[in-house]
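# Working through the structure, step by step
Here's the letter readout for the chains.
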Amino acid sequence: MKLLICDDSQINIDLVLFLVDIFEKKYNIEFEKDTRLSGDFILTEKNSYDIAIVDVEMPGISGIELSQRLKAINPKICIMILTAFDNYLDYAMKIQVFRYLSKPIDRNRFMRNLEEAVEEYNKTNKKLTLKSSDSFVVVNTNDILYLERKDGATSVVTTNGEILVKEKLDECKEL
């Protein structure tokens with residue numbers, strides 16, 4: 001999973017990284033971490049993340065605007081707003097952030113919410129391994145548009161193209 005931590009305070013980034021490291025060890029999981037001191041990177045980079053932990057008040061692009069842009073790139077992203085300000089709650093809810101966490105960071109609440117974000121990610125991003133004629137292809141189930149029987153094989157049409165698999169149509173339904 002790709003994790004973004006964006007806060008204008010290196011101290012806060014370091015604290016979140018420390019907590020994420022504890023989480024990774026506890027759950028035997030590894031994130032691909034990207035840390036940023038500003039949300040301005042979104043103007044030139046279109047990186048897609050699975051989970052984002054974002055401060056609200058930052059120089060340049062605010063955390064709310066950054067969150068909107070991240071959701072435009074990946075609508076399934078779980079965004080956790082991290083802020084000392086309560087007055088952004090309505091804006092955060094409007095863009096349907098996953099969690100709104102207060103600073104200073106409560107370690108137990110942070111860990112619980114990160115666990116819930118990972119569970120939500122896993123629930124909405126199920127992957128399927130299909131065997132085509134010469135290789136295995138991993139497909140996100142949300143990317144499958146439809147299945148059809150074609151020339152003795154099953155055609156799995158996704159947002160990225162078509163994959164021909166040997167399984168029968170009813171066997172693909174069980175996958």
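Predicted model, so just to flag it, every value in this text is computed and none were measured. (Residues numbered from 1 in each chain as written. Predicted model: local features only at pLDDT ≥ 70, side-chain atom pairs only at ≥ 80, totals over all residues. Heavy atoms only, no water.)

On to the overall build of the chain. Broken down by element type, the chain carries five helices and ten strands. Overall, the C-alpha framework of the chain stretches about 60 × 35 × 25 Å when taken along its three principal axes. When burial is assessed residue by residue, the chain has 41% of its 175 residues classed as buried. Across the chain, every contact between residues at least 6 apart in sequence was considered, and the portion connecting residues at least 24 apart equals 49%. Where the 24 positive side-chain charges of the chain centre and where its 30 negative ones centre are 4 Å apart. (Helix = DSSP H or I, 4+ residues; strand = E, 2+ residues; numbered from the N terminus. Buried < 20%, exposed > 50% of the residue type's maximum accessible area, 1.4 Å probe, protein only. Contact = heavy atoms within 4.5 Å. Lys, Arg positive; Asp, Glu negative; His and termini not counted. Charge placed at Lys NZ, Arg CZ, Asp CG, Glu CD.)

Read from one edge to the other, the open sheet built from five strands follows the order 2-1-3-4-5, with strand pairing classed as parallel. What marks the edges here is a single partner per strand, and that holds for strand 2 (32–36) and strand 5 (99–102). Adjacent strand axes in the sheet meet at a mean angle of 15° when their direction is disregarded. Two elements, strand 3 (residues 51–55) and strand 4 (residues 78–83), share five bridges in a ladder whose sense is parallel. Looking at the pairing, Val54 lines up with Ile81 of strand 4. The sheet contacts of helix 1 (residues 10–27) involve strand 1 (2–6), strand 2, strand 3 and strand 4, and relative to strand 2 the element is tilted by about 170°. (Pairing = 2+ DSSP bridges. Axes fitted to C-alpha atoms, helices over the stretch in contact; angles between N-to-C directions.)

With their axes 11 Å apart at the nearest point, helix 1 and helix 4 (residues 107–124) run at an angle of 60° to one another. Relative to helix 4, the element helix 1 lies oblique. As for the relative orientation of helix 1 and helix 4, their crossing is right-handed in sense. Contacts from Val16, Leu19, Val20, Ile22, Phe23 and Tyr27 of helix 1 reach helix 4 at Arg107, Phe110, Met111, Leu114, Glu115 and Val118. (Parallel < 35°, antiparallel > 145°, perpendicular 65-115°, else oblique. Left-handed = near helix turned anticlockwise from the far one by under 90°.)

Turning our eyes to something else, we now look at the environment of Asn108. Looking at where Asn108 falls in the secondary structure, it is placed in helix 4. In this structure Asn108 comes out as exposed when scored by relative accessible area, which is 59%. Note: C-alpha distance between Asn108 and Leu19 (89 residues apart in sequence) is 9.8 Å.

It is worth spelling out the pattern of salt bridges at this point. All told, the structure shown has nine salt bridges when counted by the stated rule. Ionic pairing is found between Lys123 and Glu120, a salt bridge with its closest N-O pair at 3.5 Å. Here Lys123 and its partner Glu120 are both found in helix 4, three residues apart, which amounts to about one turn of the helix. Using a relative accessible area of 56% as the deciding quantity, one classes Lys123 as exposed. (Salt bridge = Lys/Arg side-chain N within 4 Å of Asp/Glu carboxyl O.)

Among the secondary structure elements, Asn74 is positioned in the loop between helix 2 (63–73) and strand 4. Not counting the four nearest positions on each side in its chain, Asn74 is found in contact with Ser48, Tyr49 and Asp50.

The next point concerns the environment of Ile81. Relative to the elements of secondary structure, Ile81 occurs in strand 4. Once the C-alpha coordinates of Ile81 and Leu145 are considered, the two residues, 64 residues apart in sequence, prove to be 32 Å apart. Not counting residues up to four positions away in its chain, the partners in contact with Ile81 are Val54, Val56, Gly63, Ile64, Ser67, Ala92, Val97, Arg99, Tyr100 and Leu101.

Moving on, we get to the sheet that holds strand 9 (residues 153–158). Overall, antiparallel pairing links the three strands, which are arranged 8-9-10 in an open sheet. With one partner strand each, in any of the chains shown, strand 8 (144–150) and strand 10 (161–165) form the two edges of the open sheet. Neighbouring strand axes in the sheet, compared pairwise and without regard to direction, differ in orientation by 20° on average.

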